[in-house]
Amino acid sequence: MKILVTLCLVAWVAPTRAAETLRIGLQSTGTFAWQLDVIRRHDLAASAGLDLKISEFASPDAGKLALNSGSIDIAVVDWLWVARARALGAKLLFYPYSSAVGAIMVKNDSAIHGIADLKGRVLAVAGGPLDKSWLIVQAAATRQGVDLRHEATLEYGAPPLISQKLQQGEAEASLNFWNFCASLDTQGYRRIFDVRDAEAALGLNEPVALIGYVFSEQFVADHRSAIDRFIAAAQKADDIMLRSDEEWDALRPLMHAEDDRTFKAYRDRTREGIPQRPIAAEEADARALFKVLAVTGGTELAGPSKELDPGLYYRPALRGD
């Protein structure tokens, strides 16, 4: 009995283990902020022994620079950028975050109903010539006998500008990021070609997560447990977001939805994009997609490699896949 009491006292006075710091890079306008808010409000990081230090950036490129410089440990980054970086020698790892993608949108009363109708039309494209969704759409259109690069008049720009061009009539169709498309869905616009449809046309079994958590191999070598615990916490947050409509009411102030229809569109599209399949299945489709995009985008997109680096995808020790 004395021994038991002594052990209890020792346990009671032992100092609590300090939480491990994880430096997170966050694009201020991105949906990653929503997931991090769920993690914060449900104490998922604290329960996992993590102290998340958040740095906000105005653009994805700023997050990439911070990741490369070592000033942050994790950022949500474009899959193709990571694949190209690895092909050029960078030791970065990728874990799926979302497969949410955009679409080519037109006004409800537009005479454009399919890819072939874009010939001779003005198509505004969010991002640049090497934007991942644009390359996927190009590749799928080519299989329908349509060369969008030469048969449509193209205009590139930032997502808000591209949305404005469509709404102001400066473009007859637009290919934009998923959240801008979700907003247009509620404002008298329709989809003529979803990037998910383009992925299916290219032979993918399911949509590939085109953005994900990215971190360096060296960081994993030194802090693998922290990475695994963060991924587990993020998956718990995803489960909450999938199950609970009330959770989205709490997130609404962060979402900047103009009205209830837009709010629900953001919610539903985010849920659709949450990855729920094994990493092996994700990688198999990603490998097939990369081969197609390496041809479409050339070395400027893919670097010197025509094959996806087999070490690109991270596999947490806590999961069986």
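Residues numbered from 1 in each chain as written. Predicted model: local features only at pLDDT ≥ 70, side-chain atom pairs only at ≥ 80, totals over all residues. Heavy atoms only, no water.

K.L.:
What am I meant to see in the packing of helix H9 (residues 178-185) against helix H13 (residues 260-273) here?
P.N.:
Two measures define how a pair of helices packs: the angle their axes make with one another and the distance between the axes. Packing of H9 against H13 leaves a shortest axis separation of 8 Å and a crossing angle of 140°. The angle between H9 and H13 falls in the class oblique. In the packing of H9 onto H13, the handedness of the crossing is right-handed. Between H9 and H13, the residues in contact are Trp-178, Asn-179, Ala-182, Ser-183 and Asp-185 and Arg-261, Thr-262, Ala-265, Tyr-266, Arg-269 and Thr-270, respectively. (Axes fitted to C-alpha atoms, helices over the stretch in contact; angles between N-to-C directions. Helix = DSSP H or I, 4+ residues; strand = E, 2+ residues; numbered from the N terminus. Parallel < 35°, antiparallel > 145°, perpendicular 65-115°, else oblique. Left-handed = near helix turned anticlockwise from the far one by under 90°. Contact = heavy atoms within 4.5 Å.)

K.L.:
Explain the sheet that holds strand E6 (residues 122-126) to me, please; I cannot follow it from the model alone.
P.N.:
The strands making up a sheet associate through backbone hydrogen bonding, with each pair oriented either parallel or antiparallel. The sheet built from 5 strands is open, its strands ordered E7-E6-E8-E5-E9 with mixed pairing. At either margin of the open sheet sits one strand with a lone partner, and together these are strand E7 (153-157) and strand E9 (189-194). Neighbouring strand axes in the sheet, compared pairwise and without regard to direction, differ in orientation by 25° on average. Sheet topology places E6 next to strand E8 (residues 173-176); 3 bridges connect them, and they run parallel. (Pairing = 2+ DSSP bridges.)

K.L.:
Looking at this structure, I do not really get the side chain of Ser-99. What am I missing?
P.N.:
Relative to the helices and strands, Ser-99 resides in the loop between strand E4 (92-98) and strand E5 (103-107). Look past the residues within four positions of Ser-99 in its chain and what remains in contact with it is Arg-196, Pro-207, Val-208, Ala-209, Leu-210, Glu-272 and Gly-273.

K.L.:
Is there a simple way to explain helix H8 (residues 159-167) in this structure?
P.N.:
Each α-helix winds once per 3.6 residues, and so residues spaced three or four apart point in a common direction. Listed as buried for H8 are Pro-159, Ile-162, Ser-163, Lys-165 and Leu-166. Here the buried residues of H8 occupy an arc of 160° about the axis, which is enough to place them on one side. In this fold, the buried residues of H8 make contact with E5, E6, E7, E8, H9 and E9. After H8 finishes, the residue Gly-169 shows a positive phi value of roughly 85°. (Buried < 20%, exposed > 50% of the residue type's maximum accessible area, 1.4 Å probe, protein only. Arc of directions from axis to C-beta.)

K.L.:
Where do I start with the pattern of salt bridges in this structure?
P.N.:
This model, assessed by the stated rule, comprises 28 salt bridges. Notably, a salt bridge pairs Glu-217 with Arg-86, separated by 2.9 Å at the nearest N-O pair. Linking Glu-217 in helix H11 (residues 217-243) with Arg-86 in helix H5 (residues 79-87), this pair joins segments that are 131 residues apart in sequence. Looking at Arg-86, the relative accessible area reads 9%, which means it is buried. Between Asp-268 and Arg-267 there is a salt bridge whose closest N-O contact spans 2.9 Å. For Asp-268, a relative accessible area of 33% corresponds to the partly exposed category. Residue class for Arg-267 comes out buried when judged on its relative accessible area of 14%. Taken together, the shared-partner salt bridges connect Asp-185, Arg-191, Asp-194, Arg-269 and Glu-272 into one network. (Salt bridge = Lys/Arg side-chain N within 4 Å of Asp/Glu carboxyl O.)

K.L.:
Hey, could you run me through the pairing of strand E10 (residues 211-216) in this one?
P.N.:
The side chains of a regular strand alternate, residue by residue, between the two faces of the sheet. The pairing of strand E3 (residues 74-78) with E10 spans 4 bridges and is classified as antiparallel. Across the sheet, Val-76 pairs through a bridge with Tyr-213, a residue of E10. When E4 meets E10, the two strands line up antiparallel, connected through 6 bridges. In the strand pairing of E10, Phe-94 is matched with Val-214.

K.L.:
Would you take a moment to explain the sheet that holds E10 for this structure?
P.N.:
Here we have 5 strands laid out as an open sheet, ordered E2-E1-E3-E10-E4, and mixed in their pairing. Each edge of the sheet is formed by a strand with only one pairing partner; in this case those strands are strand E2 (50-57) and E4. Strand-to-strand twist in this sheet, taken as the mean axis angle between neighbours without regard to direction, amounts to 35°. On top of the sheet, helix H2 (residues 32-41) reaches strand E1 (20-27), E2, E3, E4 and E10; it is set at about 145° to E1, its chief contact. Across the sheet, helix H4 (residues 60-69) touches E1, E2, E3, E4 and E10, and the angle it forms with E3 is around 130°.

K.L.:
What's the story with the packing of H2 against H11 in this structure? I'm lost.
P.N.:
The contact between H2 and H11 brings their axes to 9 Å, and the two run at 95°. Overall, the two elements H2 and H11 adopt an arrangement that is roughly perpendicular. Counting all contacts with H2, which are made through Phe-32, Trp-34, Gln-35, Leu-36, Val-38 and Ile-39, the residues of H11 involved are Phe-230, Ala-233, Ala-234, Ala-237, Asp-238, Ile-240 and Met-241. Broken down by class, the residue content of the contact of H2 with H11 amounts to 11 nonpolar, 1 polar and 1 charged. (Nonpolar A, V, L, I, M, F, W, Y, C, P; charged D, E, K, R; others polar.)

K.L.:
Is there a simple way to explain the nonpolar core in this structure?
P.N.:
In summary, soluble globular proteins display a tendency toward joint burial of nonpolar side chains. Trp-79, Ile-104 and Phe-230 are the most contacted members of the largest nonpolar core, which has 94 residues in total. The element best represented in this core is H11, accounting for 11 residues. Among all residues touching Trp-79, those that are not within four sequence positions of it are Phe-94, Ala-209, Leu-210, Ile-211, Ala-286, Leu-289, Phe-290, Leu-293, Leu-308, Leu-312 and Tyr-313. One finds Ala-103, Met-105, Leu-166 and Cys-181 within the second-largest nonpolar core, a separate group that totals 6 residues. (Core = buried A, V, L, I, M, F, W, Y, C linked by side-chain atoms within 4.5 Å.)

K.L.:
Would you take a moment to explain the confidence of the model for the protein chain for this structure?
P.N.:
When pLDDT is low, close inspection of the predicted coordinates is not appropriate. Residues of the protein chain with pLDDT of at least 70 account for 93%, and the chain-wide mean is 89. With pLDDT under 50 throughout, residues 1-15 is counted as low confidence; its partners more than four residues away or in other chains account for 0 contacts. (pLDDT = per-residue confidence, 0-100.)

K.L.:
For this particular structure, what's the right way to read the packing of aromatic side chains?
P.N.:
The way to describe two aromatic rings as a pair is by their centre distance and the angle between their planes. Evaluated as defined, the whole model comprises 10 aromatic pairs. On the basis of an interplanar angle of 80° and a centroid distance of 6.2 Å, the ring pair of Trp-178 and Tyr-266 is categorised as edge-to-face. A residue pair is termed long-range when its members are at least 10 positions apart, and Trp-178 in helix H9 and Tyr-266 in helix H13 qualify at 88 residues. Here the guanidinium or amino end of Lys-132 rests over the ring plane of Phe-177, the centre of that ring lying 5.8 Å away. Note that Arg-252 overlies the ring of Phe-263, its terminal NZ or CZ placed 4.5 Å from the centroid. (Phe/Tyr/Trp six-rings, centres within 6.5 Å; stacked < 30°, edge-to-face > 60°. Lys NZ or Arg CZ within 6 Å of the ring centre and 35° of its normal.)

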